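Observations on the three-dimensional arrangement
So you can see what is in the structure, the chains are spelled out below.
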Amino acid sequence: MRIIDYFRDFSRLFFPDNCAACGNILVTNEETICTSCLYHIPKTNYHTRPDNPVSEVFWGRTRIEKATSFFFFHKSTHYQHIIHNLKYRGNKDVGILMGRYFATDLKDNDFHSDIDMIVPVPLHPKKLRLRGYNQSEMIARGIADVWKIELNPQSLKRTTFTETQTRKSRIDRWLNVESVFEVADPETIKGKHILLVDDVLTTGATLEACANALLKVDGVKVSVATLAYAKN
Ligand SMILES: [Zn+2]
């Protein structure tokens, strides 16, 4: 046993780490997610099909080159806890780690080869102060680590605070987020194929608004990747 494993096991006696999905206590060599949860992730594998339910979300709404999500988000499974831990319980690591696994799958299929830059969906500065980090940026960071592609969390800005959107209809949500995104420094993204990254895809309204802001810059192309896909 390596000394570092010894100390990790020792500290886990007092502060056990739990799997961010099922909550079981992690054993040596497991990091953030247990082996069983990793193995059983309900992957969409949509990156293997250009016309897939995630890309269809944007049809007739905005111009997206390709789109995919890593796994299905169902309220009844423990995989929803990954998102919950990432967004509300301060677990940044689970975002970075899942981003890495996602990026590795996408690399197998050459999804990454024509992407120049990775841009996370920004949080409003007020929310960023409350949470301390942008969860989408953590996922984007994991992807950028694996692909060795530039991560750009600065160019796209959210300008107006949107009120809680959960109870609103799709049209209301769309109106609510329209025009709140803008590109701060168009020169840095000019002519680039950008992968826009978010945590969960639901109606696609936020991603659509982000894409529209990015597409105003000369020569920009946009693709989309989200960690989870919640079917409506
Ligand atoms: Zn687990």
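Further up the page is the structure itself.
Read on for an overview of the structure. Sequence order sets the numbering: in each chain, residues are counted from 1 along the sequence as written. Residue-level local features of this predicted model are given only where pLDDT is at least 70; pairs of side-chain atoms are given and counted only at 80 or more, and the full residue set underlies all totals for whole chains, interfaces and linings. As a convention, hydrogens and water are excluded, and side-chain values are obtained from all of the structure's heavy atoms.

Spatially, five strands are ordered β1-β7-β6-β2-β3 in an open sheet, and the strand pairing comes out parallel. Pairing within the sheet leaves two strands with one partner each, and these edge strands are β1 (67-72) and β3 (150-151). Examined bridge by bridge, strand β6 (residues 193-201) and strand β7 (residues 221-229) share eight bridges and lie parallel to one another. Residue pairing across strands places Val197 opposite Ala225, the latter belonging to β7. Contacts were defined at the residue level, with two residues in contact if any of their heavy atoms lie within 4.5 Å. What counts as an axis is a line fitted to C-alpha atoms, over the stretch in contact for a helix, and the angles between N-to-C directions run from 0 to 180 degrees. Counting from the N terminus, the helices are the DSSP runs of H or I reaching at least four residues and the strands are the DSSP runs of E reaching at least two. In the packing of helix α5 (residues 92-108) onto the sheet, the strands contacted are β1 and β7, and the crossing angle to β1 comes to about 125 degrees. Relative to the sheet, helix α7 (residues 135-147) contacts β2 (117-120), β3, β6 and β7, its axis offset from that of β6 by approximately 130 degrees. For two strands to be treated as a pair, DSSP must find at least two bridges joining them.

Turning next to the nonpolar core. Core analysis: the biggest nonpolar cluster contains 40 residues, and Ile33, Phe71, Met98, Ile118, Ile143, Trp147 and Leu195 have the highest contact counts within it. Broken down by element, this core gets its largest block of residues, seven residues, from α5. Aside from chain neighbours lying at most four places away, what touches Phe71 is Ile41, Pro42, Lys43, Thr44, Tyr79, Ile82, Ile83, Met98, Leu227, Ala228 and Tyr229. Residues Ala67, Met117, Phe181 and Ile194 belong to the second largest nonpolar core, which totals 29 residues. The term nonpolar core refers to a set of buried residues drawn from Ala, Val, Leu, Ile, Met, Phe, Trp, Tyr and Cys, joined through side-chain atoms within 4.5 Å. To sort residues, take the accessible area from a 1.4 Å probe on protein chains only and compare it with the maximum for the residue type: under 20% means buried, over 50% means exposed, and anything in between is partly exposed.

This is a description of form; function is not addressed.
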